[in-house]
Amino acid sequence: MDIRKEYLEFFKSKGHEVIASSALVPDDATLLFTNAGMVPFKSIFTGDVPRPTPPIRTSCQTCIRAGGKHNDLDNVGYTARHHTFFEMLGNFSFGEYFKTEAIAYAWEFVTEVLKLPKDRLYVTVHENDDEAYEIWQKYIQKERIYKFGDKDNFWAMGDTGPCGPCSEIFYDQGAEHFNSDEDYMGGDGDRFLEIWNLVFMQFERSSDGTMTPLPKPSIDTGMGLERVTAIKEGKFSNYDSSLFMPLINEVAKIANLTYEYESGASFRVISDHIRSVVFLLAQGVNFDKEGRGYVLRRILRRALRHGYLLGIKEPFMYKLVDKVVELMGGHYEYLNEKKEYVKELIKLEEERFLATIAAGLDLFNEELAKTKDIFSGEIAFKLYDTYGFPLDLTADMLREKGLNVDAAKFDALMNEQKARAKASWKGSGDAAKESGDFKVLLEKFGENEF
Ligand code: GLY
């Protein structure tokens, strides 16, 4: 089943205009990357841009959550659901319809198009949202509707911007496969999987925390294509689905190894990261010492380090580009044109990093042998400064050994370096760099990087 196509056609049949995914680099100075389907529509929600005709839209938006506040990078590979790059299906109403229709459409799509069994479905609503609680009871028994507070059922794009209470649809993957204490509705276990978030956009939050009502109550929904594909294919991990297995198999071929889930984190990291790298490069972001290009570099370096763990010591990421384009070039046609260019850039960057990785890993291993509890902050800083290992890469390597890095020492050394740089730095002069996601990166990595 082509879920992407089914979704867009379903909402088209309900009068929505189908909008192509907009760029990963948003027209929004507070965000590093587009991190949700609603990002391109933010100004319509707030009323800064007039409502389009028809005022209802649907899209499959490519998103990246890496770097900045929405940073899933460190989890990727170790969980069943985290990705740096993912596709978000969504339907949006700018004051045209609200909760009743949004819930009705979602239920119809989930039960009649996806045909997910109703006895596996649960929903959550915000604890103060009696209206949504009432509406849902037309479709699902009360016992399957859970009420949660702001932490679970209030959605915001970032610290500022449109936001509102939300209602989520969950899929129960079955008690037989799960037995952790966290495997209950609302727990942190994997059994109950959130598949769709319906946000009832009602406010715009400003930087001082003030909530101003939007001109019209609106709808923003987000359903992750990767997880819904996995469910439809009866797989417990997104990485076992047809979106990732062809990439994982390709990595296994290059490494001349057999992929097994339990020991396969590195395969998963690579299969995730190559998608971010290909899309970012194809959209014109390039490897850089700062900003988005630096996040791109960190993603590639993390993948290369995992390749190294699999025994791949030559450039290889560029060899995966064909497979990404084969899997996704049908929908994202620009990938086909950019394929050779993307391969070339990746290969050059791989060569550059591989030249230092061996020396960096030697230093890392030498220090590791001496480490009892905490890995030296000085060496982590040296790895960063001399060998180009971002701190999160070092932390990631240590995590596999159950160790932590002395981040306080690392930060102190970084601050010293920053202070030295500050003597000559007079501000970037770029307001965008001093707000939102960029501020987070600036604080983390210093002006020499941004
Ligand atoms: N914008 C809704 C979501 O990302 O879940």
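Everything numeric here is computed off the predicted structure, so don't read it as measured data. (Residues numbered from 1 in each chain as written. Predicted model: local features only at pLDDT ≥ 70, side-chain atom pairs only at ≥ 80, totals over all residues. Heavy atoms only, no water.)

1. Observations regarding the overall build of the chain
Argument step 1. Looking only at helices and strands, the chain features 15 helices and 11 strands.
Argument step 2. Against the compact-globule benchmark of 22 Å for 450 residues, the chain has a radius of gyration of 23 Å, which places it among compact chains.
Argument step 3. If one aligns the C-alpha atoms of the chain with their principal axes, the spans along those axes are about 65 × 55 × 45 Å.
Argument step 4. Here the chain, with 450 residues, has 56% of them falling under the buried criterion.
Argument step 5. Counted over contacts in the chain with a minimum sequence separation of 6, partners at least 24 positions apart contribute 72%.
Argument step 6. If you sum the accessible surface of the chain, you get close to 19200 Å²; carbon and sulfur atoms cover 46% of it.
Argument step 7. Once the 56 positive and 73 negative side-chain charges of the chain are each reduced to a mean point, those two points are 2 Å apart. (Helix = DSSP H or I, 4+ residues; strand = E, 2+ residues; numbered from the N terminus. Rg over C-alpha atoms; globule rule 2.2 N^0.38 Å. Buried < 20%, exposed > 50% of the residue type's maximum accessible area, 1.4 Å probe, protein only. Contact = heavy atoms within 4.5 Å. Areas by Shrake-Rupley, 256 points an atom, 1.4 Å probe, with all protein chains shown as cover. Lys, Arg positive; Asp, Glu negative; His and termini not counted. Charge placed at Lys NZ, Arg CZ, Asp CG, Glu CD.)

2. A word on the pattern of salt bridges
Argument step 1. Counted under the stated rule, the structure contains 22 salt bridges.
Argument step 2. For the salt bridge of Arg301 with Glu349, the shortest nitrogen-to-oxygen distance reads 3.9 Å. In this pair, Arg301 sits in helix H9 (residues 291-309) while Glu349 sits in helix H11 (residues 334-370), placing the two residues 48 residues apart along the sequence.
Argument step 3. Of the residues examined, Glu349 reaches a relative accessible area of 1% and is grouped as buried.
Argument step 4. Close ionic contact of Arg305 with Asp396 constitutes a salt bridge, the shortest N to O distance being 3.7 Å. Residue Arg305 is located in helix H9, and its partner Asp396 is located in helix H13 (residues 391-399); the two are separated by 91 residues in the primary sequence. Residue Arg305 shares its accessibility class with Asp396, and that shared class is buried.
Argument step 5. Several salt bridges share partner residues, and in doing so they unite Arg297, Arg301, Glu349 and Arg352 into one network. (Salt bridge = Lys/Arg side-chain N within 4 Å of Asp/Glu carboxyl O.)

3. Looking at helix H6 (residues 225-232)
Argument step 1. Burial analysis of H6 places 6 of its 8 residues in the buried class, the great majority of the element.
Argument step 2. Taken residue by residue, H6 has Leu225, Glu226, Val228, Thr229, Ala230 and Ile231 as its buried positions.
Argument step 3. At its buried positions, H6 is contacted by helix H1 (3-13), strand E3 (85-93), strand E7 (161-172), strand E8 (192-205), strand E9 (211-224) and helix H8 (265-282).
Argument step 4. Gly234 sits one or two positions beyond H6 and adopts a positive phi of about 70 degrees.

4. Thoughts on the site of the ligand
Argument step 1. Close to the ligand lie Ala36, Met38, Arg65, Met88, Trp155, Asn197, Val199 and Asp220.
Argument step 2. Between an oxygen atom of the ligand and a side-chain N or O atom of Asn197, the distance comes to 3.0 Å.
Argument step 3. Asp220 places a polar side-chain atom, nitrogen or oxygen, 2.8 Å from a nitrogen atom of the ligand.
Argument step 4. If the ligand stood free it would expose 190 Å²; the protein chains cover 94% of that surface.
Argument step 5. For the shell around the ligand, the per-class residue count stands at 5 nonpolar, 1 polar and 2 charged. (Near = heavy atom within 4 Å. Polar contact = N/O pair within 3.5 Å; in protein donor to acceptor, adjacent residues only side chain to side chain. Nonpolar A, V, L, I, M, F, W, Y, C, P; charged D, E, K, R; others polar.)

5. Thoughts on the pairing of E9
Argument step 1. Looking at chain direction, E3 and E9 are connected through 4 bridges and run antiparallel. Looking at E9, one finds that Met88 is bridged to Gly224.
Argument step 2. Looking at chain direction, E8 and E9 are connected through 8 bridges and run antiparallel. Along E9, the bridge assignment pairs Arg205 with Met211.
Argument step 3. Joining the antiparallel neighbours E8 and E9 is a turn of 5 residues, in which Gly209 adopts a positive phi near 95 degrees. (Pairing = 2+ DSSP bridges.)

6. Digging into the confidence of the model for the chain
Argument step 1. On average, residues of the chain score 90 in pLDDT, and 93% of them are at 70 or above.
Argument step 2. Note that residues 424-431 has pLDDT below 50 and, in this model, 6 contacts with residues that lie over four places away or in other chains.
Argument step 3. Scored below 50 in pLDDT, residues 445-450 makes 24 contacts in the model with residues more than four places away or belonging to other chains. (pLDDT = per-residue confidence, 0-100.)

7. Some remarks on the packing of aromatic side chains
Argument step 1. Under the criterion given, the structure shown has 31 aromatic pairs.
Argument step 2. A ring pair is formed by Tyr97 and Tyr105, whose centres lie 5.3 Å apart and whose planes are at 85 degrees; its orientation type is edge-to-face.
Argument step 3. What makes Tyr105 buried here is its relative accessible area of 17%.
Argument step 4. A ring pair is formed by Phe178 and Phe236, whose centres lie 5.7 Å apart and whose planes are at 90 degrees; its orientation type is edge-to-face. A residue pair is termed long-range when its members are at least 10 positions apart, and Phe178 in the loop between E7 and E8 and Phe236 in the loop between H6 and helix H7 (245-255) qualify at 58 residues.
Argument step 5. By relative accessible area, which is 35% here, Phe236 ends up partly exposed.
Argument step 6. One aromatic cluster is present, formed by Tyr7, Phe10, Phe11, Tyr97, Tyr105, Phe109 and Trp196 through successive ring pairs. (Phe/Tyr/Trp six-rings, centres within 6.5 Å; stacked < 30°, edge-to-face > 60°.)

8. Some thoughts on the packing of H8 against H9
Argument step 1. Where H8 contacts H9, the two axes come as close as 9 Å, and the packing angle between them is 150 degrees. Relative to H9, H8 is oriented roughly antiparallel. Note that H8 runs across H9; the crossing there is left-handed. Here Ser266, Val269, Ile270, His273, Ser276, Val277, Leu280 and Leu281 of H8 come into contact with H9, specifically with Leu296, Ile299, Leu300, Arg302, Ala303, His306, Gly307 and Leu309.
Argument step 2. The residue inventory of the contact of H8 with H9, partitioned by class, reads 10 nonpolar, 5 polar and 1 charged. (Axes fitted to C-alpha atoms, helices over the stretch in contact; angles between N-to-C directions. Parallel < 35°, antiparallel > 145°, perpendicular 65-115°, else oblique. Left-handed = near helix turned anticlockwise from the far one by under 90°.)

9. Description of the environment of Lys323
Argument step 1. Summarising the element assignment, Lys323 is placed in helix H10 (residues 321-328).
Argument step 2. Relative accessible area serves as the criterion here: at 19%, Lys323 is assigned to the buried category.
Argument step 3. If we ignore the near neighbours within four places in the chain, the residues touching Lys323 are Pro246, Leu247 and Glu250.

10. Comments concerning the side chain of Arg81
Argument step 1. As for its position among the elements, Arg81 is in the loop between strand E2 (56-64) and E3.
Argument step 2. Here Arg81 sits buried without a salt bridge, and the closest side chain of opposite charge, Asp190, lies 4.9 Å off (N-O distance).

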